[in-house]
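Below are the chains, spelled out letter by letter.
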Amino acid sequence: MDVDSAAGELFLLRPEEFTAARDRLAARAVRDGDPELARRLKALRRPTLAAWVCNLLVRNRPDEARALVRLGEGLREAHRTLDGGRLRELGHRQRALVASLSREARGLAEEAGHPVGDAVAREVEETLYAVLADPRAAEEWATGRLSRPLAGVPGFPGMLPGPADRLAAPPGRESGGGSGGVEGAEVADLAEARERRRRERRREELDRARRRAEQAAADVRACETALARVREAADRAERDERTAGRHLAELTAELDAARARRSAAEETVGEVRDRLREAERAWRAAREAAEAADAEVDRLR
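Residues numbered from 1 in each chain as written. Predicted model: local features only at pLDDT ≥ 70, side-chain atom pairs only at ≥ 80, totals over all residues. Heavy atoms only, no water.

## Quick notes on the overall build of the chain
Going by this rule: Counting from the N terminus, the helices are the DSSP runs of H or I reaching at least four residues and the strands are the DSSP runs of E reaching at least two. Working definition: with a 1.4 Å probe on protein chains only, accessible area under 20% of the residue-type maximum means buried, over 50% means exposed, and in between means partly exposed. By definition, residues are in contact when any of their heavy atoms lie within 4.5 Å. Here, Shrake-Rupley sampling with a 1.4 Å probe gives the accessible areas, and only protein chains in the shown set may cover a residue.
A tally of helices and strands in the chain yields nine helices and zero strands. Counted from the first residue to the last, the chain has its helices and strands arranged as α-α-α-α-α-α-α-α-α. Here the chain, with 301 residues, has 28% of them falling under the buried criterion. Residue pairs at least 24 apart in sequence account for 68% of intrachain contacts in the chain once pairs closer than 6 positions are excluded. Surface exposure of the chain reaches about 19000 Å², of which carbon and sulfur atoms provide 52%.

## A look at a positive patch on the surface
Using the following cut-off: In this scheme, patches are assembled from residues that exceed 30% relative accessible area and form no salt bridge. Like charges are connected within 9 Å, while nonpolar side chains (Val, Leu, Ile, Met, Phe, Trp, Tyr) are connected within 5 Å. Any carboxyl oxygen of Asp or Glu that lies within 4 Å of a side-chain nitrogen of Lys or Arg is treated as forming a salt bridge with it. Charged residues are defined narrowly, with Lys and Arg counted positive, Asp and Glu counted negative, and His plus the chain ends left uncounted. Charge coordinates come from a single atom per side chain, which is NZ of Lys, CZ of Arg, CG of Asp or CD of Glu.
A surface patch of positive charge is lined by R45, R148, R211 and R212. As for its placement among the helices and strands, R45 is situated in the loop between helix 3 (35–42) and helix 4 (49–60). We classify R45 as partly exposed; its relative accessible area is 43%.

## Quick notes on the confidence of the model for the chain
The following threshold applies: pLDDT expresses how confident the predictor is about each individual residue, on a scale running from 0 to 100.
Averaged over the chain, the pLDDT score is 81; the fraction of residues at 70 or greater is 85%. Within the model, pLDDT remains below 50 along residues 157–187, and this stretch shows 59 contacts once partners closer than five positions in the same chain are excluded.

## What to know about the environment of E89
Among the structural elements, E89 can be located in helix 6 (residues 84–111). With relative accessibility at 43%, the residue E89 sits in the partly exposed group. Residues E89 and L75 lie 14 residues apart in sequence; the distance between their C-alpha atoms is 9.5 Å.

## Here we look at a negative patch on the surface
Judged by side-chain charge, E232, D235, E238 and E241 come together as a negatively charged surface patch. Mapping D235 onto the fold places it in helix 9 (residues 184–300). Residue classification places D235 among the partly exposed residues on the basis of a relative accessible area of 39%.

## What about the nonpolar core?
Side chains that are nonpolar tend, in soluble globular proteins, to be buried together. The cut-off we apply is this: Note on terminology: a nonpolar core comprises buried Ala, Val, Leu, Ile, Met, Phe, Trp, Tyr and Cys residues joined through side-chain atoms within 4.5 Å.
Among the nonpolar cores identified, the biggest contains 35 residues, and V53, L68 and W141 are the most heavily contacted of them. Elements with a minimum of two residues in this core: helix 4, helix 5 (62–81), helix 6, helix 7 (118–133) and helix 8 (135–142). In this structure, L68 is in contact with L97, V98, L101, L128, V131, L132 and W141, ignoring residues within four places of it in sequence. Of all hydrophobic cores here, the second largest spans 14 residues; its members include F18, A21, L37 and L41.

## What about the pattern of salt bridges?
Applying the stated criterion to the full structure yields 17 salt bridges. Here R61 makes a salt bridge to E104, at a shortest N to O gap of 2.9 Å. Here the residue R61 occupies a position in the loop between helix 4 and helix 5, and E104 occupies one in helix 6, the gap between them amounting to 43 residues. Its relative accessible area of 23% is what places R61 among the partly exposed residues.

## Some points on helix 1 (residues 3–10)
Heads up, the condition is: What qualifies as a polar contact is a pair of N or O atoms within 3.5 Å, subject to a donor-acceptor requirement within protein and to the restriction that residues adjacent in sequence count only when both atoms come from side chains.
Residues V3, A6, A7, G8 and L10 constitute the buried set of helix 1. Residues of helix 1 that are buried make contact with helix 2 (15–31), helix 3 and helix 4. Residue D2 occupies the N-cap position of helix 1, its side-chain oxygen lying 3.2 Å from the main-chain nitrogen of D4.

## Side note on helix 4
Stated precisely, the cut-off is as follows: Expected span of a helix, by definition, is 1.5 Å for each gap between consecutive residues, and there is one gap fewer than residues.
Taking 1.5 Å of rise per residue, the twelve residues of helix 4 would be expected to cover 16 Å, and the 16 Å separating its terminal C-alpha atoms lies within 8% of that figure. Within helix 4, nine of the twelve residues are buried, which leaves the element mostly enclosed by the surrounding structure. Inspection of helix 4 places A50, A51, W52, V53, C54, N55, L56, L57 and V58 among the buried residues, and these make up the whole buried set. Contacts made by the buried residues of helix 4 are with helix 2, helix 5, helix 6, helix 7 and helix 8.

## Overview of the packing of helix 7 against helix 8
Two quantities define a packed helix pair, namely the angle between the axes and the distance from one axis to the other. Selection criterion: Axis lines are fitted to C-alpha atoms, over the contacting stretch for helices. Their N-to-C directions set the angle, which ranges from 0 to 180 degrees. Under this scheme an angle from 65 to 115 degrees is roughly perpendicular, one under 35 degrees roughly parallel, and one over 145 degrees roughly antiparallel; angles in between are oblique. Handedness of each helix crossing follows the sense of rotation of the near helix against the far helix: counterclockwise by less than a right angle gives left-handed, clockwise gives right-handed. Residues are grouped as follows: nonpolar covers Ala, Val, Leu, Ile, Met, Phe, Trp, Tyr, Cys and Pro; charged covers Asp, Glu, Lys and Arg; every other residue, Gly included, is treated as polar.
Two numbers describe how helix 7 lies on helix 8: the axes approach to 5 Å, and their chain directions differ by 125°. In terms of orientation, helix 7 lies oblique with respect to helix 8. Seen from above, helix 7 lies across helix 8 with left-handed handedness. Counted together, T127, L128, A130, V131 and A133 of helix 7 and P135, A137, A138 and W141 of helix 8 form the full contact between these two elements. For the contact of helix 7 with helix 8, the class distribution of residues is eight nonpolar, one polar and no charged.

## Notes on the environment of Q94
If you trace the backbone, Q94 turns up in helix 6. Note on Q94: relative accessible area 1%, which makes it buried. Once the C-alpha coordinates of Q94 and L132 are considered, the two residues, 38 residues apart in sequence, prove to be 8.4 Å apart.

If you want it as structure tokens, here you go:
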């Protein structure tokens, strides 16, 4: 097992299955004597729902994914060369392909048992636009291992410096002058679209932050409850230890007393045995004297 093959499996799992599976693989790596692999596996972050849907799309629709990457290359080249006609042509293809891939992504998520709503679909679509705008985003997306969706705005606003910025409007919105600039009203519309998109992202980020804060507060409460239980158990263990210590001291004192009594009894047994031996000698001597007296009486008769 290596980190690439493991990651390939992990990022296709549903988000709620990711962490447990990753930890099992890391534990197996530790058992196999590869702590570096375990460390790299533990560093893999659980994908958000939108990132997981993007990964499904890359893995299950590779031809369409490559077509999106190639389209992004063409769009960026048209921006660099200020080719308005080419931008209009590719802009139509861009909208059609992004819409098609967005539908495919939602269908794949539903087939995998995890249907997604409009908010997640917007994050997926934003990722697709980021792939079109940024070659680094395209490279990251093509791995199929996103842990977070990518940020992007249709039409690549602000992607290029200098004159190309004046062409950075959503495809199909260029003025009729071929490779000329964007009309003032279109610039205002673009600025409004950017601001609206920025506010939407901020609201979504705020909602995610609030959910994380609520989850963190719930985790803190759960930890406090667990800590209280552990402290109670520790207090009980200390009381039991003190009781056992007192009992041990009592038993030790009784053992010492019993040993003293045994020692005294052993001394008494020795003394009694000495007296018994003396009594036995006296008894034998008396018996011998009695027998001698009886023999003398018999003789005198």
